[in-house]
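Read off the chains here:
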Amino acid sequence: MQHPVTTSALLCLCSIGAFAAQWAGLPLPFLIGPLLVSATIATAGGRLLPVGYGFPNWLRVTFITVIGLIIGAQVTADLFQTLPLLGVSFSALALFVVLSHGFNYAVFRRLGGYDKATAFYSASPGGLFEALAMGEEAGADPARLILQQFLRVILVVTLLPIGLSLWIGAPIGSSAGMTFARDVVPWSSLPLIALAGLAGIVVGHLLRLPARQLTGPMAVAAALSVSNLYHIDMPQWLVNIAQIVVGTALGMRFTGLGPAVILRGARLSLISVGGMLLMAAVFAEALHLFMGEPFDVMLISFAPGGVTEMALVALSLQANPALVTLHHIWRILVTVIGLSLIGRLLRRHL
């Protein structure tokens, strides 16, 4: 690992940020606190970080695996009773993806003045890494594309739990002490947790699953849970560390971007994300009335954040994390298929 001292110092500072966010009563403090600290450091760029420093991807992947395991452990046989209704919500989500992409394109093209390729791929409401790769091939501006895609995820992760807290009128999720983790887990369980995580990574790569670092371990933990072979109990301290690492990695995506560029992109993203969350709320209310699922569960299921981050929001709210994650996997699949098909048709005009 390059720059181990820098990474260690960064994680220490972000851990302090996590406890400060918890003290302040923020939702998802162990995710949002580190994210804010690392983003602040990243925008300072060369003044605080060694030349060429990048947060270790293997470290991020390792702890995303932890999140996947705890989500998969919540899958029970009862979840499969909702499968007939999933067709309705999946169809609604596909429509949401189309409407969101169109709205976002108008925002970035008309208000932002971006060229067609940059606006089209920045507008993608999912498939972050796929949008980046396809956008660069189509001639999009890489810096603006990266900025808008990561701001989409970060703003949703930040604004959604805060908005739900204000709507409910009380602290929610992890700031209210809600968690699917266990305070006391035997140390003897850790080798089994590690083995399940490793198996999940292998399964994700073999099956080429979307967000495979998350969904592979989720699939393994779910299989163990449904079959009653073994139920994974995750210690709270490990879940907290996982959130700190993921939040730190997210914030470091701002490395090399100046404050002026970020502020301009943030203004556009606030309009984009605000519009998408409003649409998500409309769909969530309609599905709440039709399916009987709680409004907040449906809202989290439609909110266009990252799979990992939305799963953490679901976990912190004691919503059904497996149901939420299934919706986000579907959102990514629909978005990536749309990017591929429409991108090929429009590339000559972009």
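In this text the structure is predicted, and so the values were computed from the model without any measurement.

A. Quick peek at the overall build of the protein chain. When helices and strands are tallied, the protein chain shows 14 helices and zero strands. Along the chain direction, N to C, the helices and strands of the protein chain fall in the order α-α-α-α-α-α-α-α-α-α-α-α-α-α. Taken over 350 residues, the protein chain has a buried fraction of 54%. When contacts within the protein chain are restricted to residue pairs at least 6 apart in sequence, long-range pairs at least 24 apart make up 77% of them. By element, 68% of the accessible surface of the protein chain is carried by carbon and sulfur atoms, the whole surface being about 15500 Å².

B. Region of interest: the side chain of Ser269. Positionally, Ser269 belongs in helix 11 (residues 259-291). Setting aside anything within four residues of it in sequence, one finds Ser269 in contact with Gln148, Leu151, Arg152, Leu155 and Gly274.

C. Seen up close, the packing of helix 3 (residues 57-72) against helix 9 (residues 212-226). For the pair helix 3 and helix 9, the least separation of the axes is 7 Å and the interaxial angle reads 35°. Our pair here, helix 3 against helix 9, has a crossing hand that is right-handed. Contacts between helix 3 and helix 9 pair Val61, Ile64, Thr65, Ile67, Gly68, Leu69, Ile71 and Gly72 from the former with Gln213, Leu214, Pro217, Met218, Ala221, Ala222 and Ser225 from the latter. Each residue belonging to the contact of helix 3 with helix 9 can be placed in one class, and the counts come to 10 nonpolar, five polar and no charged.

D. Fine view of the packing of aromatic side chains. Applying the stated rule across the entire model yields seven aromatic pairs. Residues Phe19 and Phe30 carry aromatic rings whose centres are separated by 5.3 Å and whose planes lie at 85° to one another, so their mutual orientation is edge-to-face. Here the residue Phe19 occupies a position in helix 1 (residues 4-23), and Phe30 occupies one in helix 2 (residues 29-44), the gap between them amounting to 11 residues. Judged by its relative accessible area of 6%, Phe30 is buried. A centroid spacing of 5.6 Å and a plane angle of 15° characterise the contact between Phe283 and Phe302, whose relative ring orientation is stacked. One end of the pair, Phe283, is in helix 11; the other, Phe302, is in helix 12 (residues 295-302), with 19 residues separating them in the sequence. The buried category is assigned to Phe302, whose relative accessible area is 0%.

E. Region of interest: the environment of Gly258. Topologically, Gly258 is positioned in the loop between helix 10 (236-251) and helix 11. Classification of Gly258 as partly exposed rests on a relative accessible area of 29%. In this structure, the C-alpha to C-alpha distance between Gly258 and Ala42, residues 216 residues apart in sequence, is 9.5 Å.

F. Molecular detail of the pattern of salt bridges. Evaluation of the coordinates by the stated rule reveals one salt bridge. With a closest N to O distance of 3.4 Å, Arg144 and Asp141 form a salt bridge. According to the relative accessible area criterion, Arg144 is partly exposed, its value standing at 32%.

G. Structural context of empty space enclosed by the protein. For the coordinates displayed, the defined rule picks out one cavity of 30 Å³ or more. A volume near 30 Å³ is recorded for the largest cavity. In terms of lining residues, the largest cavity is bounded by Asn104, Phe108, Ser122, Ser124, Gln148, Arg152, Ser269, Ser272, Val273 and Met276. Going through the elements one at a time, helix 4 (83-111), helix 7 (142-168) and helix 11 are the ones with two or more residues in the lining of the largest cavity. In terms of residues, the lining of the largest cavity owes the most to one element, helix 11, which gives four residues. For the lining of the largest cavity, a count of residues per class yields three nonpolar, six polar and one charged.

H. Fine view of helix 1. An ideal rise of 1.5 Å per residue puts 28 Å on 20 residues; helix 1 measures up with 29 Å between its terminal C-alpha atoms. Listed as buried for helix 1 are Thr6, Thr7, Leu10, Leu11, Cys14, Gly17, Ala18 and Ala21. Axial view of helix 1: buried residues confined to an arc of 125°, hence all on one face. Helix 1 presents Val5, Cys12, Ile16, Phe19 and Trp23 as exposed residues on the side facing more than 90 degrees away from its buried surface. Check the buried side of helix 1 and you find it contacts helix 2, helix 3 and helix 10. At the exit of helix 1 stands Gly25, carrying a positive phi of roughly 80°.

I. Inspection of the nonpolar core at higher detail. Counting residues in hydrophobic clusters, the biggest one holds 79 residues, and the most contacted among them are Phe55, Met234 and Phe254. The residues touching Phe254, leaving out its near neighbours within four places in the chain, are Ala39, Ala42, Thr43, Leu147, Leu151, Ile154 and Ile262. Listed in part, the 13 residues of the second largest apolar core include Phe120, Tyr121, Leu132 and Val336.

J. Expanded view of the packing of helix 2 against helix 10. At a closest axis distance of 7 Å, the pairing of helix 2 and helix 10 adopts a crossing angle of 30°. Taken together, helix 2 and helix 10 sit at an angle that is classed as roughly parallel. Handedness of the crossing formed by helix 2 with helix 10: right-handed. Of the residues in helix 10, those touching helix 2 at Phe30, Leu31, Pro34, Leu35, Ser38, Ala39 and Ala42 are Asn240, Gln243, Ile244, Val246, Gly247, Thr248, Leu250 and Gly251. Taken together, the residues that form the contact of helix 2 with helix 10 break down as nine nonpolar, six polar and no charged.

The rules behind the values
- Residues numbered from 1 in each chain as written.
- Predicted model: local features only at pLDDT ≥ 70, side-chain atom pairs only at ≥ 80, totals over all residues.
- Heavy atoms only, no water.
- Helix = DSSP H or I, 4+ residues; strand = E, 2+ residues; numbered from the N terminus.
- Buried < 20%, exposed > 50% of the residue type's maximum accessible area, 1.4 Å probe, protein only.
- Contact = heavy atoms within 4.5 Å.
- Areas by Shrake-Rupley, 256 points an atom, 1.4 Å probe, with all protein chains shown as cover.
- Axes fitted to C-alpha atoms, helices over the stretch in contact; angles between N-to-C directions.
- Left-handed = near helix turned anticlockwise from the far one by under 90°.
- Nonpolar A, V, L, I, M, F, W, Y, C, P; charged D, E, K, R; others polar.
- Phe/Tyr/Trp six-rings, centres within 6.5 Å; stacked < 30°, edge-to-face > 60°.
- Salt bridge = Lys/Arg side-chain N within 4 Å of Asp/Glu carboxyl O.
- 1 Å grid on protein atoms, 1.4 Å probe; cavity = no way out; pocket = protein on both sides within 12 Å on 5 of 7 lines; lining within 4 Å.
- Points joined across faces, edges and corners; volume = space filled by probe spheres on them.
- Expected span 1.5 Å × (residues − 1).
- Arc of directions from axis to C-beta.
- Core = buried A, V, L, I, M, F, W, Y, C linked by side-chain atoms within 4.5 Å.
- Parallel < 35°, antiparallel > 145°, perpendicular 65-115°, else oblique.

None of this, on its own, says anything about what the molecule does.
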